[in-house]
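# Summary of structural features
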Amino acid sequence: MQHSLPGKAEATLREILPRLVLSPSLFLILLFVYGFILYTGYLSLTDSRMLPSYDLQGLENYARLWGQRNWITALQNLAIFGILYILICSLLGLVLAIFLDQKIRGEGILRPIYLYPMALSFIVTGTAWKWFLDPGLGLENTMHLWGWESFSFDWIKDRNMAIYTVVIAAVWQSSGFVMAMFLAGLRGIDSEILKAAQMDGAGRWSLYTRIMIPQLRPVFLSAFVVLAHLAIKAYDLVIALTNGGPGRATELPATFMYSYTFTRNQMGVGASSAVIMLAMIASIIVPYLYAELRERR
Amino acid sequence: MFLGKMTRAGLGMIAALGLSTSIASAQESVEVLHWWTAGGEAKALQVLKKDLEGQGVSWNDMPVAGGGGEQAMTVLRARVTSGNAPTAVQMLGFDIKDWAGEGVLGNLDELAAKEGWDAVVPDALKGFSKYDGHWIAAPVNVHSTNWVWANKAIFDELGLKQPGSWDELIAALDKIKAAGYTAVAHGGQAWQDATIFDAVVMATGGPDFYQASMIDTDPDALGSDTMKTVFERMATLRGYVDDNFSGRDWNLATAMVINKEAGVQFMGDWAKGEFLNAGKVPDQDFLCFRFPGTQDAVTFNSDQFVMFKVGEDRQDAQMKLASAVMSPSFQSAFNVVKGSVPARTDVPNDAFDACGKKGMAELAAANKKGTLFGSMAHGHAVPAGVKNAMYDVITAHFNGEYDAATAVEELVNAVESAQ
Amino acid sequence: MSHSSQPAFSSGRLLRACLYAVLILFAVYYLLPLFVMLVNSVKTLDEIRGGNMMSLPKNFTFEPWLTAWSSAQIGVEPTGLSPYFINSILMVVPAVTISTFLGALNGYVLTKWRFPGDKVVFGLMLFACFIPFQIVLIPMARVLGAIGLAGTTSGLVLVHVVYGLGFTTLFFRNYYAAFPDELIKAAKMDGAGFWRTFTRILLPSSGPIIVVTVIWQFTNIWNDFLFGASFADFDSMPMTVALNNLVSSSTGVKEYNVHFAGAVLAALPTLIVYVVSGRYFVRGLMAGAVKG
């Protein structure tokens, strides 16, 4: 095949072949991701309600969006949820990884136990979680039956606390995955460095705080990106656990966007909330990407 | 030889999988999008499926459950946008009008004229089954939403009789509460809160007020003192609900009444299925009566099969489907199972139980008197956007975020900004 | 790979006991929902209605599992979940294969055949991981309709490939970035072209990252509900949609034991994948996916 081509054409082919190989993927992404983002941006400026309409009406949807109490609640909830979720998952993941790295007997059993929640969708676990958190059916009831009468755990019914139950379930799902990332990071640290540090008389504590955890910086970043995108996209979790309730106390931007676009027939407002969400995602991801990509070579 | 073996093995497998019901390509078929996906209601649909198969039309089932059809409506949007609309879609209330407005629905006029639908379907239902004077949907049932379900043992024990007015209701609830039961079994989900709200509006302001506030969304009615009383009454009812109500599914609330933990539940007639399934008998183990103060009126929601525009080759099957839905035998068979009453007023009531017979009689009476109204809570009074705006206020108030005066104000604002 | 340092808390029996206690405590936390599902899936409905959700079954019954698999009402047909299982497999296998393969190629080009602007291309692909899926429903439906793939398994495969590309490319790119360039150069000197270098040099040592990518993609695609519900037809509906039909019917009677059994059944493939290949998963992450 190659020999049948004249020398010059062959060279050109070899030159552009890699780019040719990449182009279908790039084409798909440009169309189905960036094309659709532009489309959504356009919809946010139209009077679309039930199905897309193409009559522009300016920024009215954005004005409506910021006038909605639900939207403000959703943003506040995202702040609470996002910060707690990312912090707890990272911390728990790191601690469990360090503990598991202590030549633990039964690591082969514990690891999949920590990891498996990531394999399940909330369509599967939603009901179980809902029961577990329900004071009349779940933990509180069980404790009462076991004789601990004063035990109280009714957060899911409490407007001010319900968002924290969402955090509990979300941490359950992803902290094991973060643990695996940290564990992999710990195992990947060059043993020479550790030996040298030990020879210098570094204690176990300082071995972790001074040498190993700083080495995990790239893992922290990867974990942050994975968790941040899960937090912003969090949808089925809320639907399964509280469906946005009590009242609308656990509304998140993703649930807001879905309900305005698809069940309230205000597609324009839904699209404008999607644009804001994308802007938020970009403000987190783009600096990360920039730093990541510049650093390398 | 070898091929023959393969084919036979293949056929065997297909038969074993239960797919043997002839899938010849030339055969007529209908695709039906619905959310009756489990238990009795899905079984009831099978009556329809069998009926059609008897006429040589195969039934391609497209069930999508979740959120009282919300999920299915999302799917429908995707399907219509991709130019792949189903033959028929189960739909409720204003969704039908909204879709009709998009100009994507079929036309059933010819069939309706032939079978005389106009004479047997209540006018209030026709408001949804017809658009611009054309038939676009075949109504399957009428659920009425202003029912009270009561545990008869508790009522007997405390010597209570069916309350006929708001004050009698409160007196009864007080007694039930004092006896140590949960007075009102309720699940704190927006649509459940709104279901009670509907009934309280009707009981407090009467049919005219319901029409003005919930259907015409007249700002004066929404902001009136009567509406303030409605919210105050909602707060009163909140006092009879247990602390653990938030987020509870309606059927778990029903179970509380069944298990003699709670006195009454305010819920649509689908609750009956739960009682029957638990082996309870109407009038013997449980009572069904209208929400006190709404005895002469019925708030309803009605499931309809909306027919979409399809290619000419599929229209014949579509008409057969519509005709089968409207046949009195299906209307009776389906609604006996579903707990609702037929959408046609000329269906014999022999097969129905005591509650069902009562429901049919009251529906016919309300239709005559002009007191049959679409339920706001179930999307039969106002468009989805307005409905959800009302939900927000009702739920927030029920959960203690607003007092009655603020709630009235918020209601007026929310409705205005959603329109 | 494993460092030979002394474990941090090896001294002191007490400390070590605490360590195990904490680890086991968290194991309980992670296992609780699964426990709730399993225990209640083998109880009778009466026992569930009247009893403690955490208690062990008094009358053990396997009936709910059989019902969920083969006779539960999913829509009009009492088929159980079994037919939808096939649909899911038909969708997941090609989608995972194609997206993994494309991801490997992209990663290869982006690290070993660099060209001006390659970083921008990678950045564009990576950002695609973060698009909220809800916003693509309507435009995607239009595109699928336009190219005649609406309501088909192929259409679903396309959707999952597109929205998996970002992650698969990320995984392979990070992995191949750590792969020594010298080996590639040597191969090129020996006259190996683009494809030969890929198939002979890189692919054979890509085992760990392929495991990670396949697990990731398999789980995400198997568990997807939104796309499955929106773009599938009656004959291509995946397992999750059927499960949802089983568990969240609106006004039907709720058979919780059947729901839980169905939920566990639907989750079995991903569970098995995680448990069986969990060890390789960490190894694969170690080999590249977490190196920034």
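Residues numbered from 1 in each chain as written. Chains lettered and ligands numbered in written order. Predicted model: local features only at pLDDT ≥ 70, side-chain atom pairs only at ≥ 80, totals over all residues.

## Considerations on the overall build of chain B
Summing up its helical and strand segments, chain B has 19 helices and 15 strands in all. Taken against the 2.2 N^0.38 rule, which gives 22 Å for 419 residues, the C-alpha radius of gyration of chain B at 23 Å falls within 12% of a compact globule. The dimensions of chain B, computed from C-alpha atoms along their principal axes, are 80 × 45 × 40 Å. Counting every position in chain B, which comprises 419 residues, the buried fraction comes to 57%. In chain B, of all internal contacts separated by at least 6 residues, the share reaching a separation of at least 24 is 77%. (Helix = DSSP H or I, 4+ residues; strand = E, 2+ residues; numbered from the N terminus. Rg over C-alpha atoms; globule rule 2.2 N^0.38 Å. Buried ≥ 20, exposed ≤ 12 C-beta atoms within 10 Å, placed from the backbone. Contact = placed C-beta atoms within 7 Å.)

## Concerning the overall build of chain C
For chain C, the helix and strand inventory stands at 13 helices and 0 strands. If you list the helices and strands of chain C from N to C, you get α-α-α-α-α-α-α-α-α-α-α-α-α. On the principal axes, the C-alpha backbone points of chain C span a range of 75 × 70 × 30 Å. By the burial criterion, 54% of the 292 residues in chain C qualify as buried. In chain C, of all internal contacts separated by at least 6 residues, the share reaching a separation of at least 24 is 74%.

## Section: the sheet that holds strand E10 (residues 262–267) of chain B
Residue and element names in this part refer to chain B. The strand order across the open sheet formed by 4 strands is E9-E10-E8-E11, and the pairing between neighbours is mixed. Each end of this open sheet is capped by a strand with a single partner; those strands are strand E9 (182–184) and strand E11 (286–290). Ignoring strand direction, the axes of neighbouring strands in this sheet form an average angle of 20 degrees. As paired strands, E9 and E10 are joined by 2 bridges and run parallel to one another. Residue Val184 lies in a different strand from E10, and its bridge partner there is Val264. Strand contacts of helix H9 (residues 166–178): E9 and E10, with the helix running at about 155 degrees to E9, the strand carrying the most contacts. Running over the sheet, helix H13 (residues 250–258) touches strand E8 (147–151), E9, E10 and E11 and is turned about 145 degrees from E10. (Pairing = 2+ DSSP bridges. Axes fitted to C-alpha atoms, helices over the stretch in contact; angles between N-to-C directions.)

## Looking at the sheet that holds strand E7 (residues 141–144) of chain B
All names here are of chain B. Spatial ordering of the open sheet is given by E14-E7-E12-E15, a layout of 4 strands whose pairing is mixed. The open sheet terminates on both sides in strands that have one partner only, identified here as strand E14 (341–342) and strand E15 (372–374). Of the strand pairs in this sheet, E7 and strand E12 (residues 298–301) are connected by 2 bridges, and their pairing is antiparallel. Residue pairing for E12: Ser144 is matched across the bridge by Phe300. Lying over the sheet, helix H10 (residues 190–215) contacts E12 and E15, oriented at roughly 75 degrees with respect to E15.

## Quick look at unusual backbone geometry
Residues and elements named next belong to chain B. Phi is positive for Thr217, close to 40 degrees, though the residue is something other than glycine. When the 22 C-beta atoms within 10 Å are taken as the criterion, Thr217 is described as buried. Here the phi dihedral of Asp283 falls at roughly 70 degrees; this positive angle occurs in a residue that is not glycine. Among the structural elements, Asp283 can be located in the loop between helix H14 (271–277) and E11. Classification of Asp283 as exposed rests on a count of 12 C-beta atoms within 10 Å.

## Quick word on the domain arrangement of chain C
Residue and element names in this part refer to chain C. We note that the domain assignment places domain 1 (13–61) and domain 2 (82–289) within chain C. Taking the mean C-alpha position of each, domain 1 and domain 2 sit 32 Å from one another. The partner domain 2 presents 7 residues to the 8 residues of domain 1 that form the contact. Broken down by secondary-structure element, the contributors of at least two residues to the side of domain 1 that touches domain 2 are helix H1 (13–41) and helix H2 (45–50). Among the elements that line the side of domain 1 that touches domain 2, the one with the most residues is H1, at 4 residues. For the side of domain 1 that touches domain 2, the class distribution of residues is 4 nonpolar, 3 polar and 1 charged. (Domains from an automatic or database assignment. Nonpolar A, V, L, I, M, F, W, Y, C, P; charged D, E, K, R; others polar.)

## Structural notes on the environment of Glu274 of chain B
Residues and elements named next belong to chain B. Note that Glu274 resides in helix H14. Residue classification places Glu274 among the buried positions, given that 26 C-beta atoms sit within 10 Å. In this structure the C-alpha to C-alpha distance between Glu274 and Thr254, which are 20 residues apart in sequence, comes to 7.0 Å.

## Quick notes on the interface of chain A and chain C
The interface of chain A with chain C comprises 83 residues on the first partner and 76 residues on the second. Broken down by element, the side of chain A that touches chain C gets its largest block of residues, 16 residues, from helix H1 (residues 7–43) of chain A.

## Re the domain arrangement of chain B
Residues and elements named next belong to chain B. Looking at chain B, the domain boundaries give domain 1 (26–143 + 301–359) and domain 2 (145–300 + 370–418). Just the C-alpha atoms count here: the centres of domain 1 and domain 2 sit 28 Å apart. At the level of secondary structure, the elements contributing two or more residues to the side of domain 1 that touches domain 2 comprise helix H4 (93–101), E7 and helix H17 (354–369). Looking at side-chain class alone, the side of domain 1 that touches domain 2 contains 7 nonpolar, 9 polar and 4 charged residues.

## Quick notes on the confidence of the model for chain C
Residue and element names in this part refer to chain C. Scored by pLDDT, chain C comes out at a mean of 83, with 91% of its residues at no less than 70. The element-level mean pLDDT for chain C is lowest in H2, coming to 75, with helix H4 (residues 82–112) highest at 92. Between residues 1–9, whose pLDDT stays under 50, and residues either more than four places distant or in other chains, the model counts 19 contacts. Note on the complex model: pTM 0.82, ipTM 0.82. (pLDDT = per-residue confidence, 0-100.)

## Quick word on the pairing of E8 of chain B
Every other side chain in a regular strand lies on the same face of the sheet, so the side chains alternate between the two faces. Residues and elements named next belong to chain B. Burial runs high along E8: 5 of the 5 residues are buried. Side chains Trp147, Trp149 and Asn151 of E8 all project onto a buried face; the interleaved residues Val148 and Ala150 project onto the opposite face, where all are buried too. Bridge analysis of E8 against E10 gives 4 bridges, and the strand direction is antiparallel. Residue pairing across strands places Trp147 opposite Met267, the latter belonging to E10.

## Some words on the pairing of E11 of chain B
Residue and element names in this part refer to chain B. Of all the 5 residues making up E11, 4 are buried; the element is thus mostly covered by neighbouring parts of the structure. As defined by bridge partners, E8 adjoins E11 across 5 bridges and the pair is classed as antiparallel. By the bridge assignment for E11, Asn151 is matched with Phe286.

## A short note on the UniProt feature "transmembrane region" (unreviewed entry) in chain C
Residue and element names in this part refer to chain C. Annotation from UniProt places "transmembrane region" (unreviewed entry) at residues 20–39, 84–108, 120–141, 147–172, 193–218 and 256–276. As annotated, residues 20–39 has a helix share of 100% and a strand share of 0%, and its two end C-alpha atoms lie 26 Å apart. Between the C-alpha atoms that bound residues 120–141 there is a distance of 28 Å. The span itself is 59% helix and 0% strand. (UniProt positions renumbered as here; feature names shortened; annotations may be inferred.)

## Structural notes on the packing of helix H3 (residues 69–100) of chain A against helix H7 (residues 162–187) of chain A
Residues and elements named next belong to chain A. The geometry of H3 relative to H7 is characterised by a closest axis approach of 6 Å and an angle of 40 degrees between their N-to-C directions. The angle between H3 and H7 falls in the class oblique. The two elements H3 and H7 cross, and the hand of that crossing is right-handed. In the contact of H3 with H7, the residues fall into 22 nonpolar, 5 polar and no charged. (Parallel < 35°, antiparallel > 145°, perpendicular 65-115°, else oblique. Left-handed = near helix turned anticlockwise from the far one by under 90°.)

## So, H13 of chain B
All names here are of chain B. With 8 of 9 residues buried, H13 is to be regarded as a mostly interior element. Here H13 has its buried residues at Trp250, Asn251, Ala253, Thr254, Ala255, Met256, Val257 and Ile258. In the stretch just after H13, Lys260 is the one whose phi turns positive, near 65 degrees.

## Description of the confidence of the model for chain B
Looking at chain B, pLDDT values average 87 and 93% of them are 70 or higher. Low confidence marks residues 1–26 of chain B, where pLDDT is under 50. Its contacts with residues over four positions away, or in another chain, come to 4 contacts.

## Overview of the packing of H4 of chain C against helix H10 (residues 207–223) of chain C
Residue and element names in this part refer to chain C. At a minimum axis distance of 9 Å, the contact between H4 and H10 shows a crossing angle of 140 degrees. One finds that H4 runs oblique with respect to H10. Seen along the crossing, H4 lies across H10 with a hand that is right-handed. Of the residues in H10, those in contact with Ser88, Val92, Ala95, Val96, Ser99, Thr100 and Gly103 of H4 are Ile210, Thr213, Val214, Gln217, Phe218, Ile221 and Trp222. Residues belonging to the contact of H4 with H10 are distributed by class as follows: 8 nonpolar, 6 polar and no charged.

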